[in-house]
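Observations on the three-dimensional arrangement
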Amino acid sequence: MIITVQRLYIRDLLKLLLLLALGLSLFFSIIGLIDKVDDFMPHKPSFALVAEYTLLAMPLNTHYLLPTAILLSSIFTFSQAIRRREIIAIKASGGRMKGILKPFLGIGLILTLFAFILGEVIVPTASKKRHELYDTITGKGKNLSFRDGVMYMRGKEGEIVRISLYLPEEKKALGVSILSFTPSGLRERIDAETAFWTGDGWRLTGITAYDIGEGKIHSEKEMRYTGIASPTILQSDLWKVEEMTLPDLIRYNRRLNEAGFRNPKMLVDISSRISYPLVNLFMLLLGIALSLESRVIEEKLGRVLPSQRGEGKKAGGFVSAGLGLVISLAYWFGYSLFLSLGYAGTVPPVIAPWIIPAVYGLISFYLYRHIPE
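Along each chain, numbering runs from 1 in the same order as the chain's sequence is written. Selection of residues for local features in this predicted model requires a pLDDT of at least 70, selection of side-chain atom pairs for listing and counting requires 80 or more, and totals for whole chains, interfaces and linings are taken over all residues. Calculated side-chain values reflect all of the structure's heavy atoms, with hydrogen atoms and water omitted.

1. Quick notes on the side chain of Ser29
The secondary structure listing takes helices from DSSP runs of H or I that are at least 4 residues long and strands from runs of E that are at least 2 residues long, numbered from the N terminus. By the element assignment, Ser29 lies in helix α1 (residues 2-35). In what follows, residue pairs with any heavy atoms lying within 4.5 Å of each other are defined as contacts. Not counting residues within four places of it along the chain, the set of residues in contact with Ser29 comprises Thr54, Ala57, Met58 and Asn61.

2. Structural notes on the side chain of Ser79
With respect to the helices and strands, Ser79 occurs in helix α4 (residues 58-83). Within 3.5 Å is the distance limit for a polar contact, defined as a pair of N or O atoms, with the added protein rule that one can donate a hydrogen and the other accept it, and that residues adjacent in sequence qualify only through two side-chain atoms. A polar contact of 2.6 Å, which involves the side chain of Ser79, links it to the backbone oxygen of Ile75.

3. Digging into the packing of α4 against helix α6 (residues 97-138)
Axis lines are fitted through C-alpha atoms, for helices just across the contact stretch, and the angle between N-to-C directions can take any value from 0 to 180 degrees. Direction vectors running N to C along α4 and α6 enclose 165°, while the axes themselves pass 9 Å from each other. Judged by the angle between their axes, α4 and α6 are roughly antiparallel. Pair α4 / α6 crosses with right-handed handedness. Counting all contacts with α4, which are made through Pro59, Leu60, Thr62, His63, Leu66, Ile70 and Phe78, the residues of α6 involved are Leu101, Phe104, Leu111, Phe114, Ala115, Leu118, Gly119, Ile122, Val123 and Ala126. Gly is placed with the polar residues, together with every amino acid not listed as nonpolar (Ala, Val, Leu, Ile, Met, Phe, Trp, Tyr, Cys and Pro) or charged (Asp, Glu, Lys and Arg). When grouped by side-chain class, the residues that make up the contact of α4 with α6 number 14 nonpolar, 3 polar and no charged. An angle counts as roughly parallel when it lies under 35 degrees, as roughly antiparallel when it exceeds 145, as roughly perpendicular when it falls between 65 and 115, and as oblique in every other case. Left-handed describes a crossing whose near helix is turned anticlockwise from the far helix through less than a right angle; right-handed describes the clockwise counterpart.

4. Some points on the nonpolar core
As used here, the term nonpolar core means buried Ala, Val, Leu, Ile, Met, Phe, Trp, Tyr and Cys residues forming a set that is joined through side-chain atoms within 4.5 Å. A 1.4 Å probe rolled over the protein chains alone gives each residue an accessible area, and that area as a share of the maximum for its type sets the label: buried under 20%, exposed over 50%, partly exposed in between. Counting 42 residues, the largest nonpolar core has Leu101, Phe104, Ile288, Leu292, Tyr331 and Ile371 as the members making the most contacts within it. Ranked by size, the runner-up nonpolar core spans 18 residues in total, among them Met151, Val161, Val176 and Ile190.

5. Quick word on the pairing of strand β5 (residues 185-197)
Pairing of strand β4 (residues 172-182) with β5, which is carried by 10 bridges, proceeds in the antiparallel orientation. Bridge pairing links Phe181 to Leu186 in β5. Turn length for the β4-β5 hairpin, with the two strands adjacent in sequence and antiparallel, is 2 residues. Strand direction decides the pairing type here: β5 and strand β6 (residues 202-211), joined by 9 bridges, are antiparallel. By the bridge assignment, Thr194 is partnered in β6 with Thr205. Two strands qualify as a pair provided DSSP detects at least 2 bridges between them.

Structure below.
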């Protein structure tokens, strides 16, 4: 009997989770598409391209919305079991709730692993393709690419520009190489230690210029160069955080440190890649515990007279949904707040992404341990 009940609840939970995760993800992907309508309409893209762009946004939205979907699914599943008096029947027959719920710990760990893989494998790939598809639809073309964190781009006069490290906050580039060509081959190479944006062009410093045609080398302290795009264009095409894997972020941060720069935002993003997937386990345990331990839902907000039982089930469903949304919004507000504090350096960047998940983790495990048998 116990195994049958476990399979029933697992099936109900996973079916509802799949429906909510995909439904919410698709909804927000369509909202994102609406935001891009003004960019797309002048180019009259085909329905296939628009649909592909929308679908490519779903992995990222799923990654963000999965904890909410898990919380709502667990609350709905076990709240319905309480209303159908199934929990009372299980206890009356000698069943122990901790034994019945044991497989859900495994499911929570699997969902956590899935969220980590989703964020590290599927989301970066889909986000890159979506970025490229946006350029294709809007006719921007591909003028910029990354390899191991190094930026390669095409200059205004056809030059090839290599930037070893770009600091968007400071509008500064380190390790700049500019290769100019003629129809017969390489004409000139300019190496600069740094490049600063001055508002109407770039000021290169620490310059070594190689004139390939004449076989000459000369050095300059600084020079003005307008062949590189402005920081506004660079940052619109810059490698987005969601397009980077955890190893990419770690390598990029290491290069910043080697160049003498400390970027709290990068440390926060690295730490959040590890802390964020864990909230999926915490949300599952929290949803189960709130449904089974709290009698507020059933006895106060979901309690009705026998003649009103049908309406009571509907009201209970709305109560469950409302409770899940309130908890999810509270989580997102707190998590975003501490991320911002980490970005600003007010809270240690490595610790900031762990504070709210740790709080929710402690609460969820406490409530789970105290589920009445």
